[in-house]
Amino acid sequence: MLAAHISFLHGRVSILPPPPAAHPSPLVRRHAGIDRPAPGTGIKLHFQDSKGNPIRTVEANEGDDILAVAHEYDIDLEGTQIHLLPAVLLALLILPKEIYDKLPEPEDDENDMLDMAFGLTDTSRLGCQVKLTKELDGMTVTLPAATRNMFVDGKKPTH
């Protein structure tokens, strides 16, 4: 349990008291487990490494975000979903241009986090911000060659 929340907004750092136990903070959204669709019924997603080598093809449901899907299938996409706070690990993805162009424009908060990401490309997005739709069925997601840990180099979050 966190003793306090640290807020980073508009260049200011603030320490907020912890939220009441019955009311989790609206600022922090950790990914939850997703339900896997029955084989052959879901949206197909192909993961590959930075060199284009296939990692795994999986299926997910409409509305699932790519970070949650990667975690569900044990694909090594580091990250934690944190809304309006600097991410401990930025779950950067590289998408094909034709897929990137189908997505809504990133919001300012996502752009701010993307600016901190290592290996940013013109078609990079944060995995927690890309929600799957039927239109994205069959897309390929490229994982970056490296990530930037904004907490402590080499330490992964335990969630």
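Reference entry: report on the structure contained in this document.

Cut-off values and rules
Residues numbered from 1 in each chain as written. Predicted model: local features only at pLDDT ≥ 70, side-chain atom pairs only at ≥ 80, totals over all residues. Heavy atoms only, no water. Core = buried A, V, L, I, M, F, W, Y, C linked by side-chain atoms within 4.5 Å. Buried < 20%, exposed > 50% of the residue type's maximum accessible area, 1.4 Å probe, protein only. Helix = DSSP H or I, 4+ residues; strand = E, 2+ residues; numbered from the N terminus. Contact = heavy atoms within 4.5 Å. Lys, Arg positive; Asp, Glu negative; His and termini not counted. Salt bridge = Lys/Arg side-chain N within 4 Å of Asp/Glu carboxyl O. Polar contact = N/O pair within 3.5 Å; in protein donor to acceptor, adjacent residues only side chain to side chain. Patch = residues over 30% accessible without salt bridge, like charges linked within 9 Å, V, L, I, M, F, W, Y side chains within 5 Å. Areas by Shrake-Rupley, 256 points an atom, 1.4 Å probe, with all protein chains shown as cover. Charge placed at Lys NZ, Arg CZ, Asp CG, Glu CD.

So, the nonpolar core
If you look at the biggest cluster of nonpolar residues, it comprises 32 residues, and the most contacted ones within it are Phe47, Ile66 and Met139. Mapped onto this core, the elements with two or more residues apiece are strand 3 (43-48), strand 4 (54-60), helix 1 (66-72), strand 5 (92-94), helix 2 (97-100), helix 3 (108-114) and strand 7 (139-142). With five residues, the single largest contributor to this core is helix 1. Ile66 has contacts with Leu45, Phe47, Leu77, Leu93, Gly127, Val130, Leu132, Met139 and Val141, leaving out every residue within four places of it along the chain.

Things to note about the side chain of Glu59
With respect to the element layout, Glu59 can be found in strand 4. Lys44 provides the closest opposite charge to the buried, salt-bridge-free Glu59, at an N-O distance of 5.2 Å. A polar contact of 2.9 Å, which involves the side chain of Glu59, links it to the backbone nitrogen of Gly40. Within the local environment of Glu59, its side chain forms a polar contact with the backbone nitrogen of Gly42, the two atoms lying 2.7 Å apart. Apart from the residues within four sequence positions on either side, Glu59 is in contact with Pro37, Ala38, Pro39, Gly40, Thr41, Gly42, Ile43, Lys44 and Tyr73.

With respect to a negative patch on the surface
Negative charge collects at one region of the surface, where Glu107, Asp108, Asp112 and Asp115 lie side by side. Inspection of the secondary structure puts Glu107 in the loop between helix 2 and helix 3.

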